[in-house]
Amino acid sequence: MINDTLALDSAARDGESLRQPLPLIGDISANGRAGGMFKSICQRVRRCNKKNLEPTIELAVEIAREGREGRRIGTLFTFGDADAVLARSRPLILDPLAGHTQQARQITDPNLRGTIKELAQLDGAFVVSDQGIVVSACRYLDAAASNVALPYGMASRHLAGASISQVTDAVAIVVSESSMVRVFDDGKLVAEIIPELWLMDHYNVQMSQPYQEERVGDLAVLTAKA
């Protein structure tokens, strides 16, 4: 176990030195598709405001890559149908984003993105509206969908994301502590994002076939085919 951990840490350090910047929105993927790496996800989910969904996914990938204070962290974003998500959740603590202007809570704002990376160390979900406004942070999702079936090994955060995506029209984006990013829609796993390709050698991909794969640098996106 110790040797395995050291091997993973070594691979992570090697990945740090080889890491390439995220393929930003509008970039062309390795498959030659214009529109950014997350275009395939946007086409797969029911609710896609490309202008705001892709920056939300990008932020999740940044959190998966960077962690915080030298450790990996997990978190959860919901995108869209914010009122329904709020109705099916409750605050874990006093909302740290309450009282701030909508402009200051735009998902594309660099200052807010830094704040979210800090808040991601706390428990709870971030609720993002279709307009790209982070309406709340540190929310406990009360949704429980009885017929959600998850691949073996996914824990409570994935269950919460899958469930809220089934009982509302929101898309759930889950960052696991293993640095994987998974996207749920209508209770189903529709995409997996692997921020560092060396992770593919150590963690099983949970996506069911058939799916399409896109790669740019050391990032891969697996999207379920409809």
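Scroll up for the structure.
Residues numbered from 1 in each chain as written. Predicted model: local features only at pLDDT ≥ 70, side-chain atom pairs only at ≥ 80, totals over all residues. Heavy atoms only, no water.

Draft legend 1. Structural detail: the pairing of strand 1 (residues 75-79). A large share of strand 1 lies buried, amounting to 5 of its 5 residues. Because side chains alternate across strand 1, one face comprises the buried residues T75, F77 and F79, and the other comprises L76 and T78, equally buried. Pairing analysis gives 5 bridges linking strand 1 to strand 5 (residues 171-175), with the strands arranged antiparallel. Pairing of F79 across the sheet is with V171, part of strand 5. Two strands pair when backbone bridges link them, and strand 1 and strand 3 (residues 125-128) are joined in this way by 4 bridges, in the parallel orientation. Residue pairing across strands places F79 opposite V128, the latter belonging to strand 3. (Buried < 20%, exposed > 50% of the residue type's maximum accessible area, 1.4 Å probe, protein only. Helix = DSSP H or I, 4+ residues; strand = E, 2+ residues; numbered from the N terminus. Pairing = 2+ DSSP bridges.)

Draft legend 2. View of the nonpolar core. I41, F77, I116, I173 and I193 are the most contacted members of the largest nonpolar core, which has 36 residues in total. Sort the elements by how many residues they give to this core and helix 3 (residues 50-66) lands first, with 7 residues. If sequence neighbours within four positions are ignored, I41 has contacts with I57, V183, A191, I193, V221 and T223. By size, the runner-up hydrophobic cluster in this structure holds 25 residues, among which are V127, M207, A220 and L222. (Core = buried A, V, L, I, M, F, W, Y, C linked by side-chain atoms within 4.5 Å. Contact = heavy atoms within 4.5 Å.)

Draft legend 3. Local environment of the pattern of salt bridges. The full count for this structure, using the stated rule, is 14 salt bridges. E196 serves as the salt-bridge partner of R65, at 3.8 Å between the closest nitrogen and oxygen. Taken together, the residues R65 in helix 3 and E196 in the loop between strand 7 (188-194) and strand 8 (211-216) connect sequence positions 131 residues apart. On the accessibility criterion, E196 (6% relative accessible area) is buried. Each of R46, D169, D185, D186 and K188 takes part in one network of salt bridges that share partners. (Salt bridge = Lys/Arg side-chain N within 4 Å of Asp/Glu carboxyl O.)

Draft legend 4. Structural view of the pairing of strand 8. Inspection of the sheet shows strand 8 paired to strand 9 (residues 219-224) by 6 bridges, in the antiparallel sense. Each residue of the ladder has a partner; that of Q212, found in strand 9, is T223. Remark: 2 residues form the turn of the hairpin made by strand 8 and strand 9, two consecutive strands paired antiparallel; G217 in that turn has positive phi of roughly 60°.

Draft legend 5. The arrangement of the environment of L119 in detail. Here L119 lies in helix 5 (residues 110-119). C-alpha separation for the pair L119 and A137, spaced 18 residues apart in sequence, amounts to 7.9 Å. Apart from residues lying up to four places away in sequence, L119 is in contact with P96, L97, F126 and A137.

Draft legend 6. How the structure looks around the environment of G67. When you line up the elements, G67 lands in the loop between helix 3 and strand 1. Since its relative accessible area comes to 8%, G67 is described here as buried. It is 8.3 Å that separates the C-alpha atoms of G67 and K117, two residues lying 50 residues apart in sequence. Those residues in contact with G67, other than ones at most four positions away along the chain, are E62, R72 and I73.

Draft legend 7. Local environment of helix 5. Among the residues of helix 5, those classed as buried are L112, R113, I116, K117 and L119. Buried residues of helix 5 fall within an arc of 165° about the axis and therefore sit on the same side. Set apart from the buried face of helix 5 by more than 90 degrees, the exposed residues are P110 and N111. Where the residues of helix 5 are buried, they touch helix 3, strand 1, strand 3 and strand 4 (134-141). (Arc of directions from axis to C-beta.)

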